[in-house]
Amino acid sequence: MSSDPPPGQAPGEQPGHDPDGLDLARSLTRATAKSTPKARKPKRADSKWSRNRVTGAHPDDRDPQLLDDTVSRLVADHGWDLDLRVQGVFGRWAELVGAEVAQHCTPETFDDGRLVARTDSTAWAIQLRLLAPTLVRRLNEELGHGTVTVIEVLGPHGPTWKKGPRSARDGRGPRDTYG
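Overview of the structure. Note that the structure is a prediction, hence the values are computed from the model and not measured. (Residues numbered from 1 in each chain as written. Predicted model: local features only at pLDDT ≥ 70, side-chain atom pairs only at ≥ 80, totals over all residues. Heavy atoms only, no water.)

### Section: the overall build of the protein chain
Then step 1. If you tally the helices and strands in the protein chain, you get six helices and three strands.
Then step 2. Sequence-ordered secondary structure for the protein chain, helices as α and strands as β, is α-α-α-α-α-β-β-α-β.
Then step 3. Counting across all 179 residues of the protein chain, residues that qualify as buried make up 21%.
Then step 4. Relative to all contacts within the protein chain whose residues are 6 or more apart in sequence, the contacts with residues 24 or more apart total 45%. (Helix = DSSP H or I, 4+ residues; strand = E, 2+ residues; numbered from the N terminus. Buried < 20%, exposed > 50% of the residue type's maximum accessible area, 1.4 Å probe, protein only. Contact = heavy atoms within 4.5 Å.)

In structure tokens form, the structure reads like this:
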């Protein structure tokens, strides 16, 4: 006699029992567990994680990360790379243009390839306009080719004629009081 169960009956079940629901799921799970080979664990060399980044049984994104990696990912995700490089140039202005030029002019804004610099005298404004092609080349070496297309040079701020708490709108300044 064979030990095979009758058709429609799972192995290990009592005769006359109609398997449904949870009983059927249990019997199918037992039957498939016996027939499939066990999965083999990958060797350490096959692991995609490097040895120095493993912190526990199964490393994942919840593990502590290096600050440099986290900040770099944040900058890349938000597209702040060019802004940070431009601000780095503003911070190193004296190093890039030279100490003497930096004493007499400062960068004000950078937008769409246009760098605006202000000088403290008209003579330095002329000098900076003559140095502009050299400065554009030097800044593009730092920021990447084509980042700075033009340098707009502004002279010193003009004097204000507004004196005291009251003033006339569209007035001509101090000249209008002399007749």
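### What to know about the pattern of salt bridges
Between side chains of opposite charge, pairing is possible as soon as their charged atoms come close.
Then step 1. A full pass over the atoms with the stated rule returns six salt bridges.
Then step 2. Across the pair Glu-95 and Arg-92 runs a salt bridge whose closest N-O atoms are separated by 3.9 Å.
Then step 3. Note on Arg-92: relative accessible area 32%, which makes it partly exposed.
Then step 4. For the salt bridge of Glu-141 with Arg-138, the shortest nitrogen-to-oxygen distance reads 3.6 Å. Here Glu-141 and its partner Arg-138 are both found in helix α6 (residues 122–143), three residues apart, which amounts to about one turn of the helix.
Then step 5. A relative accessible area of 53% means that Glu-141 is categorised as exposed.
Then step 6. The partly exposed category is assigned to Arg-138, whose relative accessible area is 27%.
Then step 7. Bridged by salt links that share partners, the residues Arg-92, Glu-95, Arg-138, Glu-141 and Glu-142 form one connected network. (Salt bridge = Lys/Arg side-chain N within 4 Å of Asp/Glu carboxyl O.)

### Overview of the packing of helix α3 (residues 81–91) against α6
Then step 1. At a minimum axis distance of 10 Å, the contact between α3 and α6 shows a crossing angle of 130°. Comparing the axis directions of α3 and α6 gives the class oblique. Viewed along their axes, α3 and α6 form a crossing whose handedness is right-handed. Where α3 approaches α6, its residues Arg-85, Val-86 and Val-89 are matched on the opposing element by Leu-139, Glu-142 and Leu-143.
Then step 2. For the contact of α3 with α6, the per-class residue count stands at four nonpolar, no polar and two charged. (Axes fitted to C-alpha atoms, helices over the stretch in contact; angles between N-to-C directions. Parallel < 35°, antiparallel > 145°, perpendicular 65-115°, else oblique. Left-handed = near helix turned anticlockwise from the far one by under 90°. Nonpolar A, V, L, I, M, F, W, Y, C, P; charged D, E, K, R; others polar.)

### Side note on empty space enclosed by the protein
Then step 1. Under the criterion given, the structure shown has one cavity of 30 Å³ or more.
Then step 2. As for the largest cavity, its lining consists of Val-86, Val-89, Phe-90, Trp-93, Phe-110, Leu-115, Leu-139, Leu-143 and Val-148.
Then step 3. Of all elements in the fold, only α3 and α6 reach the threshold of two or more residues within the lining of the largest cavity.
Then step 4. Of all the elements, α3 adds the most residues to the lining of the largest cavity, at three residues.
Then step 5. Each residue belonging to the lining of the largest cavity can be placed in one class, and the counts come to nine nonpolar, no polar and no charged. (1 Å grid on protein atoms, 1.4 Å probe; cavity = no way out; pocket = protein on both sides within 12 Å on 5 of 7 lines; lining within 4 Å. Points joined across faces, edges and corners; volume = space filled by probe spheres on them.)

### A closer look at the sheet that holds strand β3 (residues 150–154)
Then step 1. Strand order in the open sheet formed by three strands is β1-β2-β3, and the pairing between neighbours is mixed. Looking along the sheet, the strands with just one partner apiece sit at the ends: β1 (105–111) and β3. Each adjacent strand pair in this sheet contributes to an overall mean axis angle of 25°, direction not counted.
Then step 2. Contacts from α3 reach β1 and β2 (114–119) within the one sheet, and its direction differs from that of β1 by about 170°.
Then step 3. Across the sheet, α6 is in contact with β1, β2 and β3; its angle to β3 comes to roughly 160°. (Pairing = 2+ DSSP bridges.)

### Brief notes about the pairing of β2
Side-chain direction in a regular strand flips from residue to residue, so the side chains alternate between the two faces of the sheet.
Then step 1. Burial within β2 is extensive, with five of its six residues counted as buried.
Then step 2. As defined by bridge partners, β1 adjoins β2 across six bridges and the pair is classed as antiparallel. Paired with Pro-107 across the strands is Ala-117, a residue of β2.
Then step 3. Once β1 ends, the chain turns through two residues before running back antiparallel as β2, passing Asp-112 with a positive phi of about 50°.
Then step 4. For the segment spanning β2, α6 and β3, crossover handedness is right-handed. (Right-handed = clockwise from strand over helix to strand, strands pointing away.)

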